[in-house]
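Tertiary structure, described
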Amino acid sequence: AWCWRANGGTTASNTDGSITSTVQANTKAGFSIVTYTGTGSNATFGHGLNQAPEFMIIKQRGGTNNWIAYAENQGATKRSNVNNTLGFTSSSSSFNSTAPTSSVVSLGTSAGTNSSGSDYIAYCWHNVAGFQNFTTYIGNGNTDGPFVYLGFRPRMLFIKSTGSASWYVLDTARDTSNPATTLLNWDTDSSESTIGSTNNFDVVSNGLKIRTSGSGLNGNGTEFVIGAWGDVPVKYGNTF
């Protein structure tokens, strides 16, 4: 399991948006868990953080719609789905083509984020120096791949091509030494696997070195979204 701590289970009503939301927010950790009820019309909800989220996952509760992903570096006119291989594709209705602010997230009329009367849960993160980082890199299609600076040694990270490809997840609980080779996928129920070649990744003190030429992780000229959380966070301990 990969677990994120919000605020010890303490919730608060948030009226910053046009929809009143219920929020667990840890502002130091840049993470909040939000529940809200959709309206079916363009709307906003308060996320409880003190700066705009840079990565979000939203899921309709009790419904069959996809797990919708937002990445600040891809913009509010695009979204991906965590439960399948969809790339970051155009969608004006998921986030109303409006980037989140320091107080609210905008919603369009998509059933994936804002169906009338449906309940939703949203997980919201923003970058925290030395603690968590959401960024991108461009692949070179070579086993001597790019170095991705994160500012810390990652404990866990995901990588997603902006095109059609799986969500790959790497963590140092399962891979305890370099090269790290063991991957899981958010979008399938498959067991963990290796890429099938040596020297896939080096997890280092300030980031990640890509050492695979696979198109899903290092396709030449392809942009990849990466989100990472620190092993022993430089800025904060577990004292939130």
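Residues numbered from 1 in each chain as written. Predicted model: local features only at pLDDT ≥ 70, side-chain atom pairs only at ≥ 80, totals over all residues. Heavy atoms only, no water.

What follows concerns the packing of aromatic side chains. Here the structure, examined in full by the defined rule, presents 20 aromatic pairs. Ring plane angle 25° and centroid distance 5.1 Å describe the contact between Phe-31 and Trp-125, whose orientation is recorded as stacked. With Phe-31 in strand E3 (residues 31-37) and Trp-125 in strand E10 (residues 119-125), the pair connects residues that are 94 residues apart, well separated along the chain. Between Phe-55 and Phe-158 the ring centres are 4.9 Å apart and the planes differ by 35°, which places this aromatic pair in the tilted class. Highlighted residues: Phe-55 in strand E5 (residues 55-60) and Phe-158 in strand E13 (residues 154-161), separated in sequence by 103 residues. Here the two residues Phe-55 and Phe-158 agree in accessibility, since each one is buried. Grouped by ring-pair contacts, the aromatic residues Trp-2, Trp-4, Phe-31, Phe-55, Phe-88, Trp-125, Phe-134, Phe-158, Trp-167, Trp-186 and Trp-229 constitute a single cluster. (Phe/Tyr/Trp six-rings, centres within 6.5 Å; stacked < 30°, edge-to-face > 60°. Helix = DSSP H or I, 4+ residues; strand = E, 2+ residues; numbered from the N terminus. Buried < 20%, exposed > 50% of the residue type's maximum accessible area, 1.4 Å probe, protein only.)

On to unusual backbone geometry. Note the cis peptide between Asn-178 and Pro-179, where omega equals 0°. With respect to the helices and strands, the residue Pro-179 is situated in the loop between strand E14 (167-171) and strand E15 (182-185). Unusually for a residue other than glycine, Asn-96 sits at a positive phi of about 55°. Looking at where Asn-96 falls in the secondary structure, it is placed in the loop between strand E8 (89-90) and strand E9 (104-107). Phi is positive for Ser-97, close to 50°, though the residue is something other than glycine. Structurally, the position occupied by Ser-97 is in the loop between E8 and E9.

Right, let's get into the environment of Ser-91. Mapped onto the secondary structure, Ser-91 falls in the loop between E8 and E9. Placed 19 residues apart in sequence, Ser-91 and Ser-110 show a C-alpha to C-alpha distance of 8.8 Å. Among the polar contacts listed, one links the side chain of Ser-91 to the side chain of Ser-94, at a separation of 2.8 Å. (Polar contact = N/O pair within 3.5 Å; in protein donor to acceptor, adjacent residues only side chain to side chain.)

Taking strand neighbours across the sheet as the criterion, the three strands line up as E12-E18-E17 in an open arrangement whose pairing is antiparallel. Strands at the two margins of the open sheet, each flanked by one partner only, are strand E12 (147-149) and strand E17 (201-204). Each neighbouring strand pair of the sheet contributes to a mean axis angle of 15°, computed without reference to strand direction. Bridge analysis of E12 against strand E18 (residues 207-210) gives three bridges, and the strand direction is antiparallel. Residue pairing in the sheet places Phe-147 in a bridge with Lys-209 of E18. (Pairing = 2+ DSSP bridges. Axes fitted to C-alpha atoms, helices over the stretch in contact; angles between N-to-C directions.)

To continue, consider the sheet that holds strand E2 (residues 21-26). Across the sheet, eight strands lie side by side as E1-E2-E3-E10-E5-E6-E7-E8; this open sheet has antiparallel pairing. Each having just a single partner strand, strand E1 (12-14) and E8 make up the two edges of the open sheet. Sheet analysis places strand E7 (residues 78-81) next to E8, joined by two bridges and oriented antiparallel. Pairing of Lys-78 across the sheet is with Ser-90, part of E8.

Pairing is possible between side chains of opposite charge, provided their charged atoms come close. All told, the structure shown has five salt bridges when counted by the stated rule. Here Asp-231 and Arg-153 are joined by a salt bridge, their closest N and O atoms 2.5 Å apart. Taken together, the residues span a long stretch of sequence, with Asp-231 in the segment after strand E19 (223-230) and Arg-153 in the loop between E12 and E13 at a distance of 78 residues. Residue Asp-231 is classed as partly exposed on the basis of its relative accessible area, which comes to 27%. Ionic pairing is found between Glu-192 and Arg-174, a salt bridge with its closest N-O pair at 2.8 Å. Taken together, the positions of Glu-192 in the loop between E15 and strand E16 (193-194) and Arg-174 in the loop between E14 and E15 put the pair 18 residues apart, joining distant regions of the chain. (Salt bridge = Lys/Arg side-chain N within 4 Å of Asp/Glu carboxyl O.)

With that settled, the discussion passes to the nonpolar core. Core analysis: the biggest nonpolar cluster contains 19 residues, and Tyr-36, Phe-45, Ile-58, Phe-95, Leu-107 and Ala-122 have the highest contact counts within it. Going through the elements one at a time, E2, E3, strand E4 (43-46), E5, strand E6 (68-71), E9 and E10 are the ones with two or more residues in this core. The residues touching Tyr-36, leaving out its near neighbours within four places in the chain, are Ile-19, Ser-21, Phe-45, Ile-58, Leu-107, Thr-113, Ser-118, Asp-119, Tyr-120 and Ala-122. Of all hydrophobic cores here, the second largest spans 18 residues; its members include Ala-6, Phe-31, Phe-55 and Val-169. (Core = buried A, V, L, I, M, F, W, Y, C linked by side-chain atoms within 4.5 Å. Contact = heavy atoms within 4.5 Å.)

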